[in-house]
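Examining the three-dimensional arrangement
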Protein chains: 2
Amino acid sequence: MAIRPAEQLIHKAAWLYYAHGLRQDEVASQLNISRASVAMYLRKARETGIVNISTSTQLFTDDVVARKVEDAFGLDAVWIAPENAYLADPSTDIAVLAASVFLELVKKGDRIGVAWGRTVYTIADIMSFADLQDVTVVQLCGNLGAPYSYRPDQCTMEIARRLNAKGLNFYAPLVLSTEELAESLRAEPVIRDQLAGIADCDLALYSVGAVDADSHLVKCGALTPAEMDGLRSQGAAGVIAGQIIDARGEMLDCSYNRRVISAELASLRAIEKRLMVVQEDTKFEPLLSAIAGGLCTHLVIGAHMAGRLLQYAEAASKKAS
Amino acid sequence: MAIRPAEQLIHKAAWLYYAHGLRQDEVASQLNISRASVAMYLRKARETGIVNISTSTQLFTDDVVARKVEDAFGLDAVWIAPENAYLADPSTDIAVLAASVFLELVKKGDRIGVAWGRTVYTIADIMSFADLQDVTVVQLCGNLGAPYSYRPDQCTMEIARRLNAKGLNFYAPLVLSTEELAESLRAEPVIRDQLAGIADCDLALYSVGAVDADSHLVKCGALTPAEMDGLRSQGAAGVIAGQIIDARGEMLDCSYNRRVISAELASLRAIEKRLMVVQEDTKFEPLLSAIAGGLCTHLVIGAHMAGRLLQYAEAASKKAS
DNA sequence: CACGGCTCTCGACAAAAGTCAAATTTGGTT
DNA sequence: AACCAAATTTGACTTTTGTCGAGAGCCGTG
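Below you will find a few notes about this structure. Treat the numbers as computed from the prediction; the structure is a model and nothing was measured.

**Details of the sheet that holds strand S2 (residues 77-81) of chain B**
All names here are of chain B.
- With parallel pairing, seven strands are arranged side by side in an open sheet as S2-S10-S9-S6-S3-S4-S5. The two strands at the open ends of the sheet, each matched to only one other strand, are S2 and strand S5 (166-168). Put simply, the sheet's adjacent strands are angled 20 degrees from each other on average, direction ignored.
- Across three bridges, strand S9 (residues 273-277) lies against strand S10 (residues 298-302) in parallel orientation. By the bridge assignment for S10, leucine 275 is matched with histidine 298.
- The strands touched by helix H16 (residues 303-320) are S2 and S10; relative to S10, the strand with the most contacts, the crossing angle is about 115 degrees.

Take a look at the structure:
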């Protein structure tokens, strides 16, 4: 990377420009360099996280609907991206919101668990940079081969890079061919330590997957569409960190789950802040299961999904009374 | 202030521009308003603290000298503004740095004590805006009349305004004419509560004053130059929140101090983070006294002052050995 | 209902910031 | 010492942003 004096210059330029409010040409003459260089330094400063530009996500929690969802499902905080008037692509809006919320939740010294999926990767991709030297980002589940562009380790590393944090990868496959092999691999010191360290996280970031042929598990070849169907008829309701959960949010008792190397649900529940982000409206049932299983304390969803959740909660409470 | 829909628009504009990275004209067409309005909304968003632009103060603590000062005086953190190559007015640089450091130290839910003086007011004046709704800013000392533009309550209120926080003022004069009156006023429930609440603060912001005719105490008429001289010969070494301290950083035993309504030193010491900012090089002795009295855990000073502190510490350790 | 007084909005211009290819410096290697 | 490759810097150009006065809309009041 850049050597010492360059770092220094970037910092000085950022300081004069953002803190003192000088114009770029003023900064340039102060530092005896051209204005173009100043512009470049400033871009680097933003990319390095030396300067931080963050917008409050207040408005998205202030929403009445968000409050209702919090109450109905006993969640700590809910953010709702208004799907209507905003952007062409609503799912981008959810990801941008999720990235902001994530950065708001991260604190110095934190240990962060990151799972895997299109949603998580999208978030990592649009997340702005920050300078959190003493943060550790740990991978929550084993790796999957290359056919897909967003692999578990990539999610972890990309987020670590953006935060200027340490990334801790999982050097094991997500799923193995026999239960015995998975068992012995889990007993390996390297893997065991990594798994044990998950419960020590302060914050987790994941989504929940649907149990259908579109799932990453199918696309990556971990499961065939037929196997997926079979699991569904056995009660599979969602996918968390590469593992199949049932409607109560508990691990489904099946061979696949026993062959997987990933975070135990108990470890995930031990994490104080569990940020779940759901982009697709089709993931209603999986989300319900995850909430039921206590796998989520903080939630980022779209307006439509929020509506469905509320509708469901109201129906449930009516039936109860 | 602005009504609801306007707030909403500001927020949306800020969101699309800063979080999504759209251009102003794109935001304008999204929201069906002119680009000029977008520019105006964005300015308001910055002024309201809906968007936060902060630059890391890392570089100023990373300094070797800063480390040495920390070690020599047992301080938690020291920031040094390099006085040479930067700006025309070095004292502005210290204030800007102090404001950034202050904003970095403030956390949600904090209670902040603010004292009074030119330094504090300068910091308040250049501090950028933030949106910390659940923060309380309390005034550390009684009020002084109007001849001066920066009164204690103004310092408090201005900082509260910038943070979008609650301001808690002190409705009592800083200094009274008799000790008896001060005594009874301190016993008043309103005042007593305020004084008692100071020890509950999480963060304090103050400077230290010099004991000379330039002091605010003299300029505001609380003391005459002659009285000031007298106090100095009695051992006065500095001014903290309107009170006179001696070289050990303890309250000087004098009539003036007994007539003052202000935070007790013990309350100040009970505050976890005590951020002291010193702009003028002439305040070397007062600063030493304040440090000696444990009135400061975090320190923002200029390079020259840092040099003098180190020189002093080295001389002291040499004598000791 | 017409009249100020008020804020909000817009168009046009000026100022500032971003970009890119060419030139220059830097650091390392033969 | 000479050379090359990579990184840095710059000037010239384009795009984007800030600003200001004019005009439009919106009350409460006489």
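**Remarks on the interface of chain B and chain A**
- Counting from both sides, the interface comprises 32 residues of chain B and, opposite them, 31 residues of chain A.
- Overall, the association of chain B and chain A removes approximately 3,000 Å² of surface from exposure, summing both partners, and the carbon and sulfur fraction of that is 62%.
- Run the count over chain B and chain A and you get eight residue pairs in polar contact (both at pLDDT 80 or more).
- Elements with a contribution of two residues or more to the side of chain B that touches chain A: helix H1 (4-19), strand S1 (51-55), helix H4 (58-62) and helix H6 (90-105) of chain B.
- Among the elements that line the side of chain B that touches chain A, the one with the most residues is H1(B), at eight residues.
- Looking at the side of chain B that touches chain A residue by residue, the classes come out as 16 nonpolar, 13 polar and three charged.
- One ladder, built from five bridges, connects strand S1 (residues 51-55) of chain A with S1(B); its direction is antiparallel. Across the sheet, A:Ser54 pairs through a bridge with B:Asn52, a residue of S1(B).

**Considerations on the relation of the copies chain B and chain A**
- Turning chain B through 179 degrees and shifting it by 0.1 Å along the axis lays it on chain A, with an RMSD of 0.1 Å. Overall, the copies show the geometry of a two-fold rotation axis. Relative to the rotation axis, the C-alpha of B:Ile53 is the closest in chain B, positioned 2.2 Å from it.

**A word on the protein's contact with DNA strand C**
- Around DNA strand C, a shell composed of 13 residues is seen, among which A:Tyr17, A:Arg23, A:Gln24, B:Ser34 and B:Tyr41 lie nearest.
- Note that a phosphate oxygen of DNA strand C is positioned 2.7 Å from one of the backbone N or O atoms of B:Ser34.
- Within the side chain of B:Ser37, an N or O atom sits 3.0 Å from a phosphate oxygen of DNA strand C.
- Those elements giving two or more residues to the surface near DNA strand C turn out to be helix H3 (35-48) of chain A together with helix H3 (35-48) of chain B.
- The greatest single-element share of the surface near DNA strand C, amounting to five residues, is contributed by H3(A).
- Within the surface near DNA strand C, the residues separate by chemical class into six nonpolar, three polar and four charged.

**As for the packing of helix H5 (residues 64-73) of chain A against helix H16 (residues 303-320) of chain A**
Residues and elements named next belong to chain A.
- Close contact between H5 and H16 brings their axes to 10 Å; oriented N to C, the two are set at 45 degrees. Looking at the two axes, H5 sits oblique to H16. For H5 against H16, the interelement crossing comes out left-handed. Of H16, the residues touching H5 (which contributes Val65, Lys68, Val69, Ala72 and Phe73) are Ala306, Leu309, Leu310, Tyr312 and Ala313.
- Classifying every residue of the contact of H5 with H16 by side-chain character gives nine nonpolar, no polar and one charged.

Calculation rules
- Residues numbered from 1 in each chain as written.
- Chains lettered and ligands numbered in written order.
- Predicted model: local features only at pLDDT ≥ 70, side-chain atom pairs only at ≥ 80, totals over all residues.
- Heavy atoms only, no water.
- Pairing = 2+ DSSP bridges.
- Helix = DSSP H or I, 4+ residues; strand = E, 2+ residues; numbered from the N terminus.
- Axes fitted to C-alpha atoms, helices over the stretch in contact; angles between N-to-C directions.
- Contact = heavy atoms within 4.5 Å.
- Buried area = accessible area lost by both parts, 1.4 Å probe.
- Polar contact = N/O pair within 3.5 Å; in protein donor to acceptor, adjacent residues only side chain to side chain.
- Nonpolar A, V, L, I, M, F, W, Y, C, P; charged D, E, K, R; others polar.
- Least-squares fit on C-alpha atoms with pLDDT ≥ 70 in both.
- Near = heavy atom within 4 Å.
- Parallel < 35°, antiparallel > 145°, perpendicular 65-115°, else oblique.
- Left-handed = near helix turned anticlockwise from the far one by under 90°.

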